[in-house]
Amino acid sequence: MDKNNNRQSAVFNTVLRSDEKMAKMHIEKERKVIPIIFLPGVMGSNLKAKSETGKNQNTKKIWCLDSAASMANWFFMGAKARKIKLKPDRTEVDFRGKISDASEAENQLFGDRRERGWGSISYLGYGEFLKIFQSYLYQPNGQLSSKLTNLINDLPFVLDEGSKEQLIFKENEIEICKNYDFPLYAMGYNWLESNAESAEKLKTLVEETIPKFYKKRGRVCDKVILITHSMGGLVARFYTELLGGREKVYGVINGVQPSTGAAAAYTRMKRGNEDDWIMANILGKDAAEMTAVCAQAPGPLQLLPSGEYRAKSLTSEKYVPEWLTITTPDGKSESFPKTNPYDDIYLNKDQWWCACEPHLINPLNTRYDKTTMQKDWQEYEKLICIQVKSFHEKIADKFHPNTYVFFGIEESGNTIREELLTYERVHWQGKFIDSSSIFAERPPKNYIGDNNRLNLKELNEDRTLKANANESKDDNIASLKKRSIKIKYTLKEANDDGDSTVPKSSGEIPIEKIQVRMHIPVKHGSPYDEDICQEFALRAIVAIIQKVNKNEQQAKT
């Protein structure tokens, strides 16, 4: 083994004495190891109950995404069960998930796939991608995969203007990959915890666990490449830019990252998930199920729009900080945040349109005990102030300089396909309704939220309120009340461009901060299942390797 730790392959012809037949034998010299670590999105990691003693590793599975069947039990679980089971301090990553089989040669070189974390993330969401992508990066015969060698062909996509590289390669540039081994890792993380805590675990994996594994085998492994999906990009950013990880990471490949948050994180706390009926019931079908989890989990809350989030203005093509609009029945609109989203939207419990409705934080408090409600709200307030706002401010405008980004938007003109419609701006539209019906659940006297609410059991797109004078041009508000006139606000459907979750304004990371950016029409949930996204990631890896090899050659001289 030389000081560069490279493996080079040679083939020798041999003659067997017994039958005089020719045989081939591979003699290989060590290659440099460059692990590729994949970080999934929110809800993409398997979780289990945390052991009370810290010794028993076979605790009950909590969140396992091996298949649709493995998630079926969540279909029947309401807000109470979710509140109890999905607590950050009662859960931890579960490595027992389903994995695909590997060749004996791969296992001998890199350790088996479970050791590399494949069982810690959703097989349903990422299993096929991991298997295919590893085959692109490693072949047991020591040769490059056809997928890699075919990267000499033209790009199947167009890079955004301002990209610093072209991702077009000559044959000899692809051949450089033969000098390296690329074991594919997956790092599941507790997506209920703060992404800052997950970044600490990434630091341990990159700087301790992986180097120690290869050191035992006499191989050097000092830096990695990161591939991320959605929220995984926030974990990577915190590690590289705030925990000193930049010097340990050759490059980062981001897919559909909500770089400044996503308004969908707000809408899901108001109406539940917009996925198909089955998945919505599994992930959280309404405000009660989503709020019970999110209000106690900093990770999902960190997906809310940050102070840097921007949405297209209602009156011009400019992008502005106000992304939440309330329109009264008489057509008067007001948009928020006026100062910042934390004070104006996330902590403004006195307004029905606040992100977190106080009575939904704790579904176990069925009688709305005021002391309990106040305590629950204070805990939620701490999360927003200490873990959400602080996290947003720390990562704001910070990216590893060798970052490659793709994000999802429609490209077919003015019409956005329904499956790609995204909330960039959230809009509540009000209308007067004439109804004398008895509402299901009026707020009790000790309610700490908006006392104009008339039905606390509204958990989807509607909120019904008393008709106040300041919401109508009608001076005779008494007559409205006499006729049982009320106001119903309805959350309008998403109609902006994006990937169904992350809008263009958040996915389109500033080109001057990164190396390459590409946009395509792709859905947020599983972009790496798409051939074009896999090829983008492969080309980004090859581009990163060109720089690694160049630096190594310069170091020799």
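Residues numbered from 1 in each chain as written. Predicted model: local features only at pLDDT ≥ 70, side-chain atom pairs only at ≥ 80, totals over all residues. Heavy atoms only, no water.

A. Spatial organisation of the packing of aromatic side chains. Tallying each qualifying case throughout the model produces 23 aromatic pairs. A ring pair is formed by tyrosine 342 and tyrosine 346, whose centres lie 5.7 Å apart and whose planes are at 75 degrees; its orientation type is edge-to-face. In this pair, tyrosine 342 and tyrosine 346 both sit in helix 12 (residues 341–346), 4 residues apart, roughly one turn of the helix. For the pair tyrosine 342 and tyrosine 346, a shared accessibility class is recorded, and that class is buried. (Phe/Tyr/Trp six-rings, centres within 6.5 Å; stacked < 30°, edge-to-face > 60°. Helix = DSSP H or I, 4+ residues; strand = E, 2+ residues; numbered from the N terminus. Buried < 20%, exposed > 50% of the residue type's maximum accessible area, 1.4 Å probe, protein only.)

B. Broad picture of the nonpolar core. Counting 90 residues, the largest nonpolar core has Ile37, Trp63, Tyr266, Trp323, Tyr380 and Trp428 as the members making the most contacts within it. With 48 residues, the next largest nonpolar core counts Leu130, Leu159, Leu167 and Val522 among its residues. (Core = buried A, V, L, I, M, F, W, Y, C linked by side-chain atoms within 4.5 Å.)

C. Highlighting the layout of surface pockets. Taken as a whole, the largest pocket holds about 1,300 Å³ of empty space. Where the lining of the largest pocket is concerned, the elements lending two or more residues are helix 3 (123–137), helix 8 (264–271), helix 9 (277–283), helix 10 (287–294) and helix 11 (298–301). It is helix 8 that contributes the most residues to the lining of the largest pocket, 5 residues altogether. Its residues placed into classes, the lining of the largest pocket shows 26 nonpolar, 12 polar and 10 charged. (1 Å grid on protein atoms, 1.4 Å probe; cavity = no way out; pocket = protein on both sides within 12 Å on 5 of 7 lines; lining within 4 Å. Points joined across faces, edges and corners; volume = space filled by probe spheres on them. Nonpolar A, V, L, I, M, F, W, Y, C, P; charged D, E, K, R; others polar.)

D. Fine view of unusual backbone geometry. In this model, phenylalanine 336 is joined to proline 337 through a cis peptide bond whose omega is 5 degrees. Of note, proline 337 is situated in the loop between strand 15 (333–336) and helix 12. Non-glycine residue serine 500 carries a positive phi angle of around 95 degrees. Checked against the element boundaries, serine 500 lands in the loop between strand 19 (485–491) and helix 15 (504–507). Overall, serine 500 belongs to the buried group, its relative accessible area being 19%.

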